[in-house]
Amino acid sequence: MTGAYAGFVNSAVGTKLAAQLGLPRPVRLRRYAADAPLVEGPVLVAGLADAPVAEHVRTLLSDEGVEVVDAVPAGSRLGAVVLDLTTVTEPGDLDLVRVVLAPAVKALRASGRVVVVGADPASATSVAQAASRRALEGITRSVGKELRFGATANLVLVAEGAEANTDAAVRFLLSGRSAYVDAQVVRVGPGTPAEPADWALPLAGKVAVVTGAARGIGASIADVLARDGAHVVCVDIPAAGESLARTANRVGGTALQVDVTAADAGQRILDATGRHGGLDVVVHNAGITRDKLLANMDESRWDSVLDVNLGSILRMNEVLLGENGIRDGGHVVLVSSIAGIAGNRGQTNYAASKAGVIGLVDALSVDADLVRRGISVNAVAPGFIETEMTAKVPFATREVGRLLNSLSQGGLPVDVAETIAWFSQDANAGVTGNVVRVCGQSLLGA
Amino acid sequence: MAASAKPRRAAVIGGNRIPFARANSTYAKASNQDMLTASLEGLVARFGLAGEPVGEVTAGAVLKHSRDFNLTRESVLGSSLAPTTPAYDVQQACGTGLEATVLVANKIALGQVESGIAGGTDTASDAPIAVNEGLRETLLALNRAKTPGQRLKAVARLRPGQVVPEIPRNVEPRTGLSMGEHMAQTAAHWGVTREAQDELAVQSHRNLAAAYDRGFFDDLLTPYLGLTRDQNLRADSSVDKLAKLKPVFGRGDGATMTAANSTPLTDGASVVLLGSDEWAAERGLPVLAHLVDAQTAAVDYVTGHEGLLMAPAYALPHLLERQGMKLQDFDLVEIHEAFAATVLCTLAAWESESFCRDRLGLDAPIGALDRTRLNVNGSSLAAGHPFAATGGRIVASLAKSLEERGSGARGLISICAAGGQGVMAILEAA
Ligand SMILES: NC(=O)c1ccc[n+]([C@@H]2O[C@H](COP(=O)([O-])OP(=O)(O)OC[C@H]3O[C@@H](n4cnc5c(N)ncnc54)[C@H](O)[C@@H]3O)[C@@H](O)[C@H]2O)c1
């Protein structure tokens, strides 16, 4: 947690003033630590009717040694609440949310979690069912805004018959890995998830490529993928070679100095992964901003942003997703932005590229060939993340960016990286075509 | 190994260097150890060797502080290589980097190691400064003194003149002449013109600039301290511009050597990754080329019998004979541009019937070299010449160029060195 505001409200005077004025108080978020449990404290698991997902959740929690409870235990605080409402059929069923969550939310620890599980409204068999299913989204987003002290609320929507595929998503949302993911809807579909031999190394033996890995979010992605067991081929422009080498050596990976806009970038990346026996994960992270109001936007700003952030990805994918490219069952992860969802003043070029990335995910995730090969395609859309890119933003705008979200702070590169690493898991194969915002429930574009 | 069995050939897998900087500029505060470590780090990252050991690391520096007695091993310990990687220093003046490559390659060929890194580093900015010889003797006497009286006596020998430090100079100890003055004599002997030298210098800059532009160095170089290209490179260099410069070596009308057709003092480092074919294959690493053969030679420059930098001319016939080759058989030739005149004198000597007959003992001249095969990606006049780092720069670049030309392509490397020495090696594309 950084920033002038956070420093102030957490100082002695600031704490008092902030309390009197009712200002938001950013807390240190619970993040991944090797020795930390999946969730701290007991988890309340409840559900409507036969609640098919709740059963899976109970099993995975007891596998992890986490205490599962049916009600708020007296004198104890909860680490999380999981509420399985996949069987809602009419608005009357929703009252269960109130009944279960009202006491649970009061008893939730700092950085606690609320995970609501529902079914896809699109596949509902009646109007009432569709409406009730959709209602869960409104509930979750509102709960996210009510929760305090770093707690988050997210919704998992399960496709018909995919109840057994939710483990990786539930684990992620309960864990410290999802610290800055708040009020998101994660859709879990069919696919064939493969449970890792060791949940502490979900990417063991995998080969991943990360573009823009010299610094910022990309360097963090390399760190987290390597921590989770992958060999990482780190790509960045030749001019960034010195810090790229630092990233690569830190993660025990390989450095590849390639400009992603080069015509042969895809081939050179593929060649570099060849020596490790294949390619399992592609993370298109390299990106630039060249801000200007549209009225003053010149051709070079427009072209360079669109080519680095979008055009290059399309070109590289021709090779990387081609016949000799990524292995069956692999994962492609793209980096969009809330600017691509909400738009942003001075960023028509950037928003075009980042919205384009979402379109690319939509199309590729239903591409017949990729679906047949079991390749997942997802994107993260980071909100305000503390990097050199955002350090360039003027002070006032930066402070506003930090605060305009439910967690009252900017995210860290590692938060984006954790979500990407989760998209990269074979255990998460049921998740494709998703765009998950890592934004602390930013008010922008929500 | 049976006496008749041919030893295997060491593979050149790749290389890395930092951009070369002009002395007292961007790398002014970087030490030899800093630069060698940076070069190793880039190499380790490129080939994914973090945490892994290699058979040995062999490198050196020409201008070396006494505290750097274990320069290469210290650099290894500061790198991401496994700390169980042995290392040692070598030094053969400007031949250091190439000689180090030959040493590692020979150990690989003999099966004594499976992999190794060879290289070199030099800084003309952070050069060691020695205390004046008189002061040194006084200080040593002081150190030996046991009684206060002896100490006083030792201190009493201090003289104001003794505080003047000795900065290393680019001078041959036995002749008192700078390398440039020596070269000027040889250039005059061979009648090398100012125009020919300037043309060679311009070509070096153009070739190097073109190599950068086509991304040739993307996998040969890692930026350092903000520098992404060799600082000495002048892409817009032209014969007209160079013609305006005043000569800096030689005397009177016959002086032809300028700051532009002589290499500037430079800081930098380079390393080359070598291994057996098996070692490379196990790791899925590419093999660009193999080291085929190598030869050193030395000349008697002290009596004036031969020019200081002419030793490579004498090394070549041995290589050609052993390999059953002609100079013209090489697809590419790299002659280190200590001075433009060095290259031109060497080529002239090989073309000269009398030189080849009287000095090399050959029946016929070695003959002319097709200049389009010479230093095709630029050489030291453009890139600069951090003495011990030049060998590694050339080996890695040549190996890559040969690989681009296709299997079996052969390349020759020639590097002259202080003390009248020369090192040569032959690479062949895998
Ligand atoms: N920082 C944020 O708040 C934020 C928010 C939303 C989205 N993003 C996105 O996250 C990604 C990473 O951003 P960051 O904040 O870490 O930025 P950054 O500028 O710190 O890092 C971007 C990296 O990409 C590299 N890169 C740029 N052009 C390249 C090219 N042509 N080829 C290869 N590499 C290239 C850069 O050299 C740099 O190392 C970008 O796609 C960005 O749009 C960031």
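Residue numbering note: each chain is counted from 1, following its sequence as written. Chains and ligands are labelled by the order in which they are written, letters from A for the one and numbers from 1 for the other. Local features in this predicted model are restricted to residues whose pLDDT is 70 or higher, and side-chain atom pairs enter the listing and the counts only when it is 80 or higher, whereas totals over whole chains, interfaces and linings include all residues. As a rule here, side-chain values come from all non-hydrogen atoms in the structure, and water together with hydrogens is ignored.

Visitor: I tried to follow the overall build of chain B on my own but got confused; where do I start?
Guide: Think of it this way: any DSSP run of H or I at least four residues long counts as a helix, any run of E at least two long counts as a strand, and we number them from the N terminus. The number of helices and strands found in chain B is 14 helices and 12 strands. In this setup the radius of gyration rests on C-alpha atoms only. A globule is expected at 2.2 Å times the number of residues raised to 0.38. The C-alpha radius of gyration computed for chain B amounts to 22 Å, which stays within 12% of the reference 22 Å derived for 430 residues, consistent with globular compactness. Overall, chain B is about 75 × 60 × 50 Å in size when its C-alpha atoms are taken along their principal axes. Categorising residues by exposure relies on relative accessible area from a 1.4 Å probe, with only protein chains included: less than 20% of the type maximum marks a residue as buried, more than 50% marks it as exposed, and the intermediate range marks it as partly exposed. Counting all 430 residues of chain B, 58% fall into the buried class. When checking whether two residues touch, look at their non-hydrogen atoms; a contact exists if any pair is within 4.5 Å. Looking at chain B alone, contacts between residues at least 24 apart form 79% of all its contacts between residues at least 6 apart. All accessible-area figures derive from a Shrake-Rupley calculation using a 1.4 Å probe, and residue coverage is judged against the displayed protein chains alone. Accessible surface computed for chain B: about 17500 Å², of which carbon and sulfur atoms make up 51%. Counting rule for charge: Lys and Arg are taken as positive, Asp and Glu as negative, and neither His nor the chain ends is counted. Charge positions come from single atoms, namely NZ of Lys, CZ of Arg, CG of Asp or CD of Glu. Considering chain B, the positive charge centre built from 40 side chains and the negative charge centre built from 46 side chains are found 7 Å apart.

Visitor: When you look at the overall build of chain A in this model, what are you seeing that I'm missing?
Guide: Helix and strand content of chain A: 16 helices and 13 strands. In terms of principal-axis extent, the alpha carbons of chain A reach across some 60 × 55 × 45 Å. Counted over contacts in chain A with a minimum sequence separation of 6, partners at least 24 positions apart contribute 74%. If the 39 positive side-chain charges of chain A are averaged to one point and the 46 negative ones to another, these points end up 9 Å apart.

Visitor: Quick question: what am I supposed to make of the domain arrangement of chain A here?
Guide: Often, the extent of an interface is quoted as the loss of accessible area on bringing the components together. The assigned domain composition of chain A is domain 1 (1-30), domain 2 (35-188) and domain 3 (207-438). The straight-line distance from the C-alpha centre of domain 1 of chain A to that of domain 3 of chain A is 32 Å. Domain delimitation in this document rests on an assignment produced automatically or drawn from a domain database.

Visitor: Please clarify how the site of the ligand should be interpreted in this entry.
Guide: All names here are of chain A. One heavy atom suffices: a residue is near a molecule or strand as soon as one of its heavy atoms comes within 4 Å of it. What surrounds the ligand is a group of 26 residues, the closest being Arg-215, Ile-217, Asp-236, Asn-285 and Tyr-350. One of the backbone nitrogen or oxygen atoms of Asn-285 is found 2.7 Å away from an oxygen atom of the ligand. We call two N or O atoms a polar contact when they sit within 3.5 Å, provided that within protein one can donate a hydrogen and the other can accept it, with sequence-adjacent residues counted only if both atoms are side-chain atoms. Backbone polar atom of Gly-383 to an oxygen atom of the ligand: 3.4 Å apart, as the coordinates give it. Looking at the shell around the ligand, the elements that each hand over two or more residues are helix H7 (216-227), helix H12 (348-364) and helix H14 (388-391). In this classification, the charged set is Asp, Glu, Lys and Arg, the nonpolar set is Ala, Val, Leu, Ile, Met, Phe, Trp, Tyr, Cys and Pro, and all remaining amino acids, among them Gly, are polar. The residue makeup of the shell around the ligand, split by class, is 13 nonpolar, nine polar and four charged.

Visitor: So what exactly am I meant to see when it comes to the pairing of strand E11 (residues 410-417) of chain B here?
Guide: Consecutive residues of a regular strand have side chains that alternate between opposite faces of the sheet. Residue and element names in this part refer to chain B. In terms of residue burial, E11 counts as a mostly covered element, since eight of its eight residues are buried. With burial as the criterion, each face of E11 is covered, one bearing Arg-410, Leu-412, Ser-414 and Cys-416 and the other bearing Gly-411, Ile-413, Ile-415 and Ala-417. A strand pair is defined by DSSP finding two or more bridges across the two strands. Judged from the four bridges that link them, strand E10 (residues 332-335) and E11 form a sheet pairing that is parallel. Bridged to Ile-335 within E11 is Ser-414.

Visitor: Just checking my understanding: could you explain the nonpolar core for this structure?
Guide: Buried together is how nonpolar side chains tend to be arranged in soluble globular proteins. Ranked by size, the top nonpolar core spans 69 residues in total, and within it Leu61(A), Leu225(A) and Trp422(A) carry the most contacts. Two domains each put at least three residues into this core: domain 2 (35-188) and domain 3 (207-438) of chain A. Take the buried residues of types Ala, Val, Leu, Ile, Met, Phe, Trp, Tyr and Cys, join any two whose side-chain atoms come within 4.5 Å, and each joined set is a nonpolar core. With 51 residues, the next largest nonpolar core counts Tyr314(B), Ile335(B), Ala349(B) and Leu374(B) among its residues.

Visitor: Can you walk me through the side chain of Arg133(A) in this structure?
Guide: Residues and elements named next belong to chain A. Secondary-structure assignment places Arg-133 in helix H5 (residues 127-146). Only one rule defines a salt bridge in this text: a Lys or Arg side-chain nitrogen within 4 Å of an Asp or Glu carboxyl oxygen. Comment: no salt bridge for buried Arg-133; closest opposite-charge side chain is Glu-160, at 4.8 Å. Not counting chain neighbours up to four residues away, the residues in contact with Arg-133 comprise Thr-86, Val-88, Ala-119, Asp-120, Pro-121, Ser-123 and Ala-124.

Visitor: Which parts of the structure should I look at to understand the interface of chain A and chain B?
Guide: With 14 residues of chain A at the contact, the number on the chain B side is 20 residues. Buried area is a sum: the accessible area each of two parts loses on coming together, probed at 1.4 Å, counted once for each and added. Roughly 1300 Å² of surface becomes buried between chain A and chain B when both sides are summed, with 47% attributable to carbon and sulfur atoms. Considering only the side of chain A, the residues that lose the most area to chain B are Glu242(A), Asn249(A) and Arg275(A), jointly responsible for 50% of the buried surface there. When the shortest N-O distance is used, the salt bridge between Asp218(B) and Arg268(A) registers 3.4 Å. On inspection of chain A and its partner chain B, the count reaches nine residue pairs in polar contact (both at pLDDT 80 or more). Those elements that provide at least two residues to the side of chain A that touches chain B are helix H8 (241-250) and strand E9 (254-257) of chain A. Of all the elements, H8(A) adds the most residues to the side of chain A that touches chain B, at five residues. Among the residues making up the side of chain A that touches chain B, the classes are represented as five nonpolar, six polar and three charged.

Visitor: For this particular structure, what's the right way to read helix H15 (residues 395-403) of chain A?
Guide: In an α-helix there are 3.6 residues to a turn, and that puts residues three or four apart on one side. Turning to H15(A), its buried residues number three or more, namely Arg398(A), Glu399(A) and Arg402(A). One side of H15(A) holds all its buried residues, which, seen down the axis, span an arc of 100°. By construction, the arc corresponds to the directions joining the helix axis to the C-beta atoms.

Visitor: Looking at this model, I keep getting lost on the packing of H7(A) against helix H16 (residues 413-423) of chain A. Mind explaining?
Guide: Helix packing for two helices is described by the angle between their axes and how far apart those axes are. Residues and elements named next belong to chain A. Axis lines are fitted through C-alpha atoms, for helices just across the contact stretch, and the angle between N-to-C directions can take any value from 0 to 180 degrees. Interhelical geometry of H7 versus H16 gives an angle of 50° and a closest axis separation of 8 Å. On the basis of the axis angle, H7 is oblique to H16. Along this stretch, H7 crosses H16, giving a crossing that reads as right-handed. Touching Gly-216, Ile-217, Ser-220, Ile-221, Val-224, Leu-225 and Arg-227 of H7 are Pro-413, Val-414, Val-416, Ala-417, Glu-418, Ile-420 and Ala-421, all from H16. Its residues placed into classes, the contact of H7 with H16 shows 10 nonpolar, two polar and two charged. Our angle categories are set so that under 35 degrees counts as roughly parallel, over 145 as roughly antiparallel, 65 to 115 as roughly perpendicular, and the remainder as oblique. When the near helix sits turned anticlockwise from the far one by under a right angle, the crossing is termed left-handed; a clockwise turn instead gives a right-handed crossing.

Visitor: Would you mind going over the sheet that holds strand E11 (residues 331-335) of chain A with me for this structure?
Guide: Residue and element names in this part refer to chain A. The seven strands are arranged E9-E8-E7-E10-E11-E12-E13 in an open sheet whose pairing can be described as parallel. The sheet is open, and its two borders are formed by E9 and strand E13 (435-438), each paired with just one other strand. Neighbour to neighbour, the strand axes of the sheet diverge by 20° on average, direction disregarded. Contacts between H8 and the sheet are confined to strand E8 (231-236) and E9, with E9 contributing the most and set at about 160° to the helix.

Visitor: Looking at this model, I keep getting lost on a nonpolar patch on the surface. Mind explaining?
Guide: Residue and element names in this part refer to chain A. Here the term patch refers to residues with relative accessible area over 30% and no salt bridge, with like charges joined within 9 Å and nonpolar side chains (Val, Leu, Ile, Met, Phe, Trp, Tyr) within 5 Å. A cluster of nonpolar side chains, contributed by Val-400, Leu-404, Leu-443 and Leu-444, occupies part of the molecular surface with about 330 Å² of accessible area. Mapped onto the secondary structure, Val-400 falls in helix H15. Val-400 sits in the partly exposed class, given a relative accessible area of 45%.

Visitor: Honestly, unusual backbone geometry in this entry has me stumped. Any pointers?
Guide: Leaving glycine out, the prevailing phi sign among residues is negative, and the prevailing peptide bond configuration is trans. Its identity is not glycine, yet Ala51(A) carries a phi of approximately 30°, on the positive side. Here Ala51(A) shows up in the loop between strand E1 (43-47) and helix H3 (52-63). Here Asn375(B), not a glycine, exhibits a phi torsion of approximately 40°, which is positive. Here Asn375(B) shows up in the loop between helix H12 (353-359) and helix H13 (380-383).

Visitor: Which parts of the structure should I look at to understand the pattern of salt bridges?
Guide: Oppositely charged side chains may form a pair once their charged atoms are brought near each other. The final tally for this structure, using the stated rule, is 43 salt bridges over all chains. Through salt bridges with shared partners, one network takes in Arg177(A), Arg227(A), Asp228(A) and Glu418(A).

Visitor: What should I look at first to understand the environment of Thr432(A) in this one?
Guide: Residue and element names in this part refer to chain A. Inspection of the secondary structure puts Thr-432 in the loop between H16 and E13. Judged by relative accessible area, which is 31%, Thr-432 ranks as partly exposed. Along the chain, Thr-432 and Ser-111 lie 321 residues apart, while their C-alpha atoms are 27 Å from each other. Side-chain polar atoms of Thr-432 contact the backbone nitrogen of Val-377, separated by 2.9 Å.

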